[in-house]
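Okay, here's what each chain looks like letter by letter:
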Amino acid sequence: MKAITVEPKRTGSAQLENIPESDLGEGSVLVEAVAVGVCGTDIEIVEGKYGWAPPGKTRLVLGHESLGRVLDPGPTGSLKAGDLVVGIVRRPDPVPCPNCAVGEWDMCTNGRYTERGIKEIHGFMSEQWRIEPEYAMKVDPSLGLLGVLIEPTTVVAKAWEHVAEIGQRAFWEPRTVLVTGAGPIGLLAALIGTQRGLEVHVLDRAETGPKPDLVRALGAKYHAGSAREIGFQPDVVIECTGVGSVIADSLATVASGGIVCLTGVGSGGTAKQMPLADAASQVVLRNMVIVGSVNANKRHWYRAGKILARADASWLSRLVTRRVRPQSFAKALEREPDDIKVVIQFAEA
Ligand SMILES: [Zn+2]
């Protein structure tokens with residue numbers, strides 16, 4: 001069968017090639033691929049900056065934002081042939097650490113977890129894939145192709161869950177949220193903010209293109225520019241850019257007692273904008289919380305499916321800005337100016 005594979009840590013090694021049928025050891029559920037979303041992590045892997053092949057192999061099947069249709073549900077579990085499913089990405093470490101032992105592999109403490117399409121397990125960019133029934137989540141059939149948005153939604157479902165948990169440390173009635181970055185993660189964070197009944201503001205560099213309209217269509221306010229210029233102090237900031245100056249501005253702007261949740265993975269930046277001890281003093285004197293959030297566990301996958309099923313399908317469909325066939329996968333891995341979510345489509349949903 002055809003698969004998009006890469007030799008991790010080798011630039012330009014991505015190719016569409018024939019690989020053997022997936023091994024029964026990868027799971028008893030056999031799935032036909034429908035679509036796989038592309039994100040920054042995939043691009044980093046293709047650029048040779050990240051990723052690990054399975055032990056003993058040189059190549060990795062790419063892709064972690066899955067959507068597929070069950071061909072054979074196997075002998076256990078409740079799935080049926082024809083069900084739309086997504087595959088959970090992370091697997092617990094083999095020790096396991098206490099968090100992995102209780103199913104919170106997103107909080108793995110020893111870093112020995114594995115991830116489909118990223119770290120030591122083949123991903124979902126193959127015509128068929130297998131999965132363990134306990135790691136396959138059934139997708140609400142009404143979502144169809146939009147089920148491919150579940151994985152990125154899990155990331156912000158977890159972030160919001162942690163923000164809400166942290167808020168309970170004191171009397172807390174949040175009213176406003178600022179989301180920095182209007183890519184797929186930021187827009188999905190904004191969607192959850194509206195579902196939670198908050199006044200949602202989204203900030204991004206873009207002044208044109210689809211982002212401002214998508215934010216307004218949610219009933220949220222769009223800001224192009226700096227967080228320091230938004231004119232109010234948000235109770236929550238969901239930071240989705242990983243850019244140093246945006247993070248510094250977020251810390252300077254959030255309300256007293258506010259929570260800044262970092263979801264972006266960046267590098268560099270300058271400490272001049274906010275020297276660390278000065279930032280720490282602000283955090284202390286204003287009871288602020290800065291929290292990082294990565295990945296998601298099964299509870300967040302379940303919630304992400306519910307969040308998308310409750311959302312306006314026509315709005316969600318505008319997030320998928322390009323669909324590319326597997327033969328043209330290289331086009332999906334190139335960023336175009338108006339891209340939000342690009343998907344590689346293997347079959348009709
Ligand atoms: Zn662990």
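Relevant structure appears above.
In this text, all values refer to a predicted model and were calculated from it rather than measured experimentally. (Residues numbered from 1 in each chain as written. Predicted model: local features only at pLDDT ≥ 70, side-chain atom pairs only at ≥ 80, totals over all residues. Heavy atoms only, no water.)

Draft legend 1. Spatial organisation of the overall build of the protein. When you go through the protein residue by residue, the secondary structure sums to ten helices and 19 strands. For 349 residues, the compact-globule formula gives about 20 Å, and the C-alpha radius of gyration of the protein, at 20 Å, lands near that figure. Seen through its principal axes, the protein has C-alpha atoms that stretch 60 × 45 × 40 Å. In the protein, of all internal contacts separated by at least 6 residues, the share reaching a separation of at least 24 is 69%. Roughly 15500 Å² of accessible area belongs to the protein as shown, and the carbon and sulfur atoms make up 51% of that amount. The averaged location of the 40 negative side-chain charges in the protein is 1 Å from the averaged location of its 38 positive side-chain charges. (Helix = DSSP H or I, 4+ residues; strand = E, 2+ residues; numbered from the N terminus. Rg over C-alpha atoms; globule rule 2.2 N^0.38 Å. Contact = heavy atoms within 4.5 Å. Areas by Shrake-Rupley, 256 points an atom, 1.4 Å probe, with all protein chains shown as cover. Lys, Arg positive; Asp, Glu negative; His and termini not counted. Charge placed at Lys NZ, Arg CZ, Asp CG, Glu CD.)

Draft legend 2. Inspection of the pairing of strand 13 (residues 199-204) at higher detail. When you tally the buried positions in strand 13, you get five out of six residues, the bulk of the element. Bridge count between strand 12 (residues 176-180) and strand 13: five bridges; the pairing is parallel. In the strand pairing of strand 13, Thr-176 is matched with Glu-199. Crossover connection from strand 12 via helix 4 (residues 184-195) to parallel strand 13: handedness right-handed. (Buried < 20%, exposed > 50% of the residue type's maximum accessible area, 1.4 Å probe, protein only. Pairing = 2+ DSSP bridges. Right-handed = clockwise from strand over helix to strand, strands pointing away.)

Draft legend 3. Main features of the sheet that holds strand 7 (residues 90-91). Read across the open sheet, the three strands follow the order 7-8-9; overall the sheet is mixed. In this open sheet, the two edge strands, each paired with only one partner strand, are strand 7 and strand 9 (120-121). Bridging between strand 8 (residues 114-116) and strand 9 involves two bridges; their strand directions are parallel. Its bridge partner lying in strand 9, Glu-115 is registered against Glu-120.

Draft legend 4. Broad picture of the side chain of Glu-151. If you trace the backbone, Glu-151 turns up in helix 3 (residues 150-167). If near-sequence neighbours (up to four positions away) are discounted, Glu-151 is found in contact with His-64, Glu-65, Val-89 and Trp-301.

Draft legend 5. Expanded view of the pattern of salt bridges. By the definition in use, this model includes 19 salt bridges. The shortest N-O distance in the salt bridge between Arg-303 and Glu-161 comes to 2.7 Å. With Arg-303 in helix 8 (residues 298-310) and Glu-161 in helix 3, this residue pair connects regions lying 142 residues apart in the sequence. Arg-228 is the partner of Asp-249 in a salt bridge, and the nearest nitrogen-oxygen pair spans 2.6 Å. Of this pair, Asp-249 sits in helix 6 (residues 244-253) while Arg-228 sits in the loop between strand 14 (221-224) and strand 15 (236-239), placing them 21 residues apart in sequence. Here Asp-249 falls in the buried class, since its relative accessible area comes to 14%. (Salt bridge = Lys/Arg side-chain N within 4 Å of Asp/Glu carboxyl O.)

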